[in-house]
Amino acid sequence: MAATPLPAVSLRSHDLDETREVATRVLHPHRLTVLGDPASYGIALHIVTLGPLNIGWLRYDTAMRIESAHPGHYQVNVPSAGPMVATSGGESVVAGPALATVYNPDRPASFTVPTSVLALRISRRALDHELEGLLDRPVRRSPALSLGLDVSSGRGARWLALVRSLASDLTDEHALIRQPMVAVPYAHSVLAGLLLTARHEYTDELASPALAVGPPTVRAAQAFIEANAAEPLTVGDIATATGVGVRGLQQGFQRALGMSPMRYLREVRLREAHRDLRAADPTVTTVGAVAARWGFRHQGRFAAEYRRRYGHPPADTLRH
């Protein structure tokens, strides 16, 4: 399966006006001030669009101050070194590799930028939709995320690892992340992870126990997964198809099957990959092609899961 080209912008420039024009297009409107020697100014920028996300790296040759607005989008910045002094919405933080910054839509912000920043722009509409799926109800107001986001440990560190892995893979034009079956669930995981990691007015509701759905609903969800395993499903898709909320569905799966809906989907895809390998001609098909067809992003992990389930490497199945 061929990788699908994703919209991407790369820039290497020593011109402030060119930087402002390009960065405004892929991130947000802003004003740049060089804090160091203006003669040493330079930027390297690489941003990739993945559905509701714009994600990538900005590397400056000298320290900068940025004053920005974020119409219709959230912005998350993770500096590779500190300090990054940020102010927005009456809050101020000193960020670094262990503390990211989050800027809310339509709220002015000012921050200094060290030499390298992992940047993530998220559509407000997409984040609202993700929140509604998690809460299983409409929301009248977009979440106001706290300026500081702890990414040093726990859930925050796991979310950052996901984002960094995504940003790294997107630099490879042949990466499996460019295939919809892999990309769509990853994008939703980034949005859901941010909502579950950051502090906002819905945090306590998200942390409260959800009523688990019953066995009939779990069976209906299983049937939907079995019939649509070849599609780029998210847990939200499965919940919508069965008419329930995401958290209730997850609780129901854990109670009935001891796994999440997405883990069940992965097991179904592993079974289908096994079936394809058994039927394939090893002279024209590879293990990697079958793994990619069923949305397994890392061939090594696919091989490990396959061996766990079937007792031998996938290459053995293909050969025999």
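Note that the coordinates shown come from a computational prediction; the quantities given were computed from them, not determined experimentally.

**Brief notes about the overall build of the chain**
The helix and strand tally for the chain stands at twelve helices and twelve strands. For 320 residues, the compact-globule estimate of 2.2 N^0.38 gives 20 Å, and the chain sits close to it at 22 Å. Expressed along its principal axes, the backbone C-alpha trace of the chain runs to roughly 65 × 50 × 30 Å. Out of the 320 residues belonging to the chain, those deemed buried represent 48%.

**A short note on the sheet that holds strand S5 (residues 64–68)**
One open sheet holds the five strands; their spatial order is S2-S5-S10-S7-S8, and the pairing between them is antiparallel. What marks the edges here is a single partner per strand, and that holds for strand S2 (30–34) and strand S8 (91–95). Averaged over all pairs of adjacent strands, the angle between their axes in this sheet comes to 15°, without regard to strand direction. In terms of strand pairing, S2 meets S5 through five bridges, oriented antiparallel. Counterpart to Leu32 in the pairing with S5 is Ile66. Of the strands in this sheet, S2 and S5 touch helix H1 (residues 16–26), which is tilted by about 145° from S2.

**Regarding the layout of surface pockets**
Counted as a void, the largest pocket has a volume near 1300 Å³. Lining the largest pocket we find 44 residues, and of these Leu162, Pro185, Ser189, Gln250 and Met262 sit closest to its centre. At the level of secondary structure, the elements contributing two or more residues to the lining of the largest pocket comprise helix H2 (124–135), helix H3 (154–169), helix H4 (180–197), helix H5 (203–207), helix H8 (246–257) and helix H9 (261–279). Top contributing element to the lining of the largest pocket by residue count: H4, with eleven residues. Considered class by class, the residues forming the lining of the largest pocket number 22 nonpolar, twelve polar and ten charged. In this structure, the second largest pocket occupies an estimated 300 Å³ of space. Lining the second largest pocket are 16 residues, and of these His129, Gly133, Gly236, Thr240 and Val246 lie nearest its centre. Elements with a minimum of two residues in the lining of the second largest pocket: H2 and helix H7 (235–242). The leading source of residues in the lining of the second largest pocket is H7, at five residues.

**Observations concerning the environment of Ser208**
Structurally, Ser208 is set in the loop between H5 and helix H6 (215–228). Distance in space between the C-alpha atoms of Ser208 and Leu233 is 26 Å, their sequence separation being 25 residues.

**Here's the deal with the confidence of the model for the chain**
Within the chain, residue pLDDT values average 91, and 98% of them lie at 70 or more. The spread of mean pLDDT over the elements of the chain runs between H1, the lowest at 88, and strand S12 (residues 148–150), the highest at 97.

**Comments concerning the packing of H6 against H9**
Close contact between H6 and H9 brings their axes to 10 Å; oriented N to C, the two are set at 40°. On the basis of their axis angle, the class for H6 and H9 is oblique. As for how H6 packs across H9, the hand of that crossing is right-handed. Residues Gln222, Ile225 and Glu226 of H6 pack against Pro261, Tyr264, Leu265, Val268 and Arg271 of H9.

**A closer look at the side chain of Glu267**
Relative to the helices and strands, Glu267 is located in helix H9. The exposure class assigned to Glu267 is buried, which follows from its relative accessible area of 15%. Separated by 3.1 Å, the side chains of Glu267 and Arg308 make a polar contact. In this view, Glu267 contacts Arg308 and Arg309; residues no more than four positions away in its chain are not counted.

**Focus on H7**
Turning to H7, its buried residues number three or more, namely Val235, Ile238, Ala239 and Thr242. Projected down its long axis, H7 carries its buried residues within an arc of 95°, all on one side. Looking at the buried positions of H7, the neighbouring elements they touch are H6, H8 and H9.

**A few points about the pairing of strand S7 (residues 84–88)**
Residues of S7 alternate between two faces, with Met84, Ala86 and Ser88 buried on one and Val85 and Thr87 left unburied on the opposite face. Pairing of S7 with S8 involves five bridges; the strand directions are antiparallel. Among the inter-strand pairings, Met84 is bridged to a residue of S8, identified as Ala95. The turn joining S7 and S8, which pair antiparallel and follow one another in sequence, is formed by two residues; a positive phi near 55° is taken by Gly89. When S7 meets strand S10 (residues 109–113), the two strands line up antiparallel, connected through three bridges. Counterpart to Ser88 in the pairing with S10 is Ala109.

Rules behind the numbers
Residues numbered from 1 in each chain as written. Predicted model: local features only at pLDDT ≥ 70, side-chain atom pairs only at ≥ 80, totals over all residues. Heavy atoms only, no water. Helix = DSSP H or I, 4+ residues; strand = E, 2+ residues; numbered from the N terminus. Rg over C-alpha atoms; globule rule 2.2 N^0.38 Å. Buried < 20%, exposed > 50% of the residue type's maximum accessible area, 1.4 Å probe, protein only. Pairing = 2+ DSSP bridges. Axes fitted to C-alpha atoms, helices over the stretch in contact; angles between N-to-C directions. Contact = heavy atoms within 4.5 Å. 1 Å grid on protein atoms, 1.4 Å probe; cavity = no way out; pocket = protein on both sides within 12 Å on 5 of 7 lines; lining within 4 Å. Points joined across faces, edges and corners; volume = space filled by probe spheres on them. Nonpolar A, V, L, I, M, F, W, Y, C, P; charged D, E, K, R; others polar. pLDDT = per-residue confidence, 0-100. Parallel < 35°, antiparallel > 145°, perpendicular 65-115°, else oblique. Left-handed = near helix turned anticlockwise from the far one by under 90°. Polar contact = N/O pair within 3.5 Å; in protein donor to acceptor, adjacent residues only side chain to side chain. Arc of directions from axis to C-beta.

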